[in-house]
Amino acid sequence: MEAELCKLVGNQPFDSLLDLGTGTGRILELFKDQYRKGLGIDASRDMLTIARDKLDQSGITHASVRQGDIFNLALERESYDLIVIHQVLHFLHDPAPAINEACKMLAPGGRLVIIDFAPHELEYMRSDFAHARLGFSHESVSGWMTANGLDVEKISDLSSDNSQDKTLTVSIWLGKDPRILMAGDNSASIA
Ligand SMILES: C[S@@+](CC[C@H](N)C(=O)[O-])C[C@H]1O[C@@H](n2cnc3c(N)ncnc32)[C@H](O)[C@@H]1O
């Protein structure tokens, strides 16, 4: 999955990464050589402690993590070139407002990448792992992206590398903000 994600994002440098529901900070680590500054947000203090340790161990000084709620981000709007929501949406009963909030943080021309399960019928994921949703169709996530003005540039499906459930498919959606920032101008215009 990580290889596919890296391929999708490409290897060009970019200014800022926002990782929503950062958990252990894996996404901040994965793209560390490409962004100038990275920020991970998570609701769980325990996960943030682990993420900070991992960033320290990896010598990553240009990323930080902080506590926050994906539904209500206390961040400067239109400031991030790449926003990632990796394996978080299935914990949310209603993901649409979270995607709406994420889109507000995208810089003109920025990209939103969502990685989550395709629709499945593994009911035990609700009871055993607190999943609120059993995956998402291409249309659902694309619809939430387009409702926020993004162009859906690519959708990929991958077999899960979860050894317990070979039947699970992981989908990756790449949405792009269509605005471009004109040189020497702070106002964005539609491309
Ligand atoms: C399965 S983990 C994924 C972590 C990371 N994105 C990864 O893939 O390695 C889901 C994370 O989402 C966080 N989370 C769940 N609901 C959240 C919310 N409303 N706001 C912020 N973080 C949330 C959890 O605390 C958890 O760390």
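Residues numbered from 1 in each chain as written. Predicted model: local features only at pLDDT ≥ 70, side-chain atom pairs only at ≥ 80, totals over all residues. Heavy atoms only, no water.

This brings us to the site of the ligand. Taken together, 14 residues surround the ligand, and among them Gly21, Asp42, Asp69, Ile70 and His86 come closest. Between aspartate 42 and the ligand, the recorded distance is 2.6 Å, taken from a side-chain N or O atom to an oxygen atom. Within the backbone of alanine 43, an N or O atom sits 3.2 Å from a nitrogen atom of the ligand. With the chains in place, 78% of the 600 Å² that the ligand exposes on its own is no longer accessible. A class-by-class count of the residues in the shell around the ligand yields 5 nonpolar, 7 polar and 2 charged. (Near = heavy atom within 4 Å. Polar contact = N/O pair within 3.5 Å; in protein donor to acceptor, adjacent residues only side chain to side chain. Areas by Shrake-Rupley, 256 points an atom, 1.4 Å probe, with all protein chains shown as cover. Nonpolar A, V, L, I, M, F, W, Y, C, P; charged D, E, K, R; others polar.)

When strand S2 (residues 35-42) meets strand S3 (residues 63-67), the two strands line up parallel, connected through 5 bridges. In the sheet register, glycine 38 faces S3, and the bridge partner there is alanine 63. Since S2 and S3 lie parallel, the crossover through helix H3 (residues 45-57) that links them has a hand, and here it is right-handed. (Pairing = 2+ DSSP bridges. Helix = DSSP H or I, 4+ residues; strand = E, 2+ residues; numbered from the N terminus. Right-handed = clockwise from strand over helix to strand, strands pointing away.)

This part is about the nonpolar core. Residues Leu5, Leu17, Phe31, Tyr35 and Val113 are the most contacted members of the largest nonpolar core, which totals 29 residues. Where this core is concerned, the elements lending two or more residues are helix H1 (2-9), strand S1 (14-20), helix H2 (26-30), H3, S3, strand S4 (80-86), strand S5 (106-117) and strand S7 (169-176). Beyond its immediate stretch of four places on either side in the chain, leucine 5 contacts Ile27, Leu30, Phe31, Val113, Ile115 and Ile172. Core analysis: the next-biggest nonpolar cluster, separate from the first, contains 27 residues, Ile70, Ala98, Cys103 and Trp173 among them. (Core = buried A, V, L, I, M, F, W, Y, C linked by side-chain atoms within 4.5 Å. Buried < 20%, exposed > 50% of the residue type's maximum accessible area, 1.4 Å probe, protein only. Contact = heavy atoms within 4.5 Å.)

Taken in spatial order, the 7 strands line up as S3-S2-S1-S4-S5-S7-S6 in an open sheet, and their pairing is mixed. Of all the strands in the sheet, the pair left with one neighbour each is S3 and strand S6 (151-159). Across the sheet, the mean angle from the axis of one strand to that of its neighbour is 15°, orientation sign disregarded. The strands that H1 touches are S1, S4, S5, S6 and S7; relative to S5, the one it contacts most, it runs at about 160°. Those strands touched by helix H6 (residues 138-147) are S5, S6 and S7, and its axis lies near 20° from that of S7. (Axes fitted to C-alpha atoms, helices over the stretch in contact; angles between N-to-C directions.)

Let us now look at H1. Within the span of H1, buried status applies to Glu4, Leu5, Leu8 and Val9. End-on, the buried residues of H1 take up no more than an arc of 130°, which puts them together on one face. Seen from the open side of H1, the exposed residues pointing more than 90 degrees away from its buried face are Ala3 and Lys7. Tucked into the core, H1 has its buried residues touching S1, H2, S4, S5, S6 and S7. Following H1 by one or two positions, glycine 10 has its phi on the positive side, about 85°. (Arc of directions from axis to C-beta.)

Here, the residues flagged by UniProt with the feature "domain: Methyltransferase" (unreviewed entry) are residues 16-123. Overall, residues 16-123 shows 25% helix and 34% strand. The separation of its end C-alpha atoms is 37 Å. (UniProt positions renumbered as here; feature names shortened; annotations may be inferred.)

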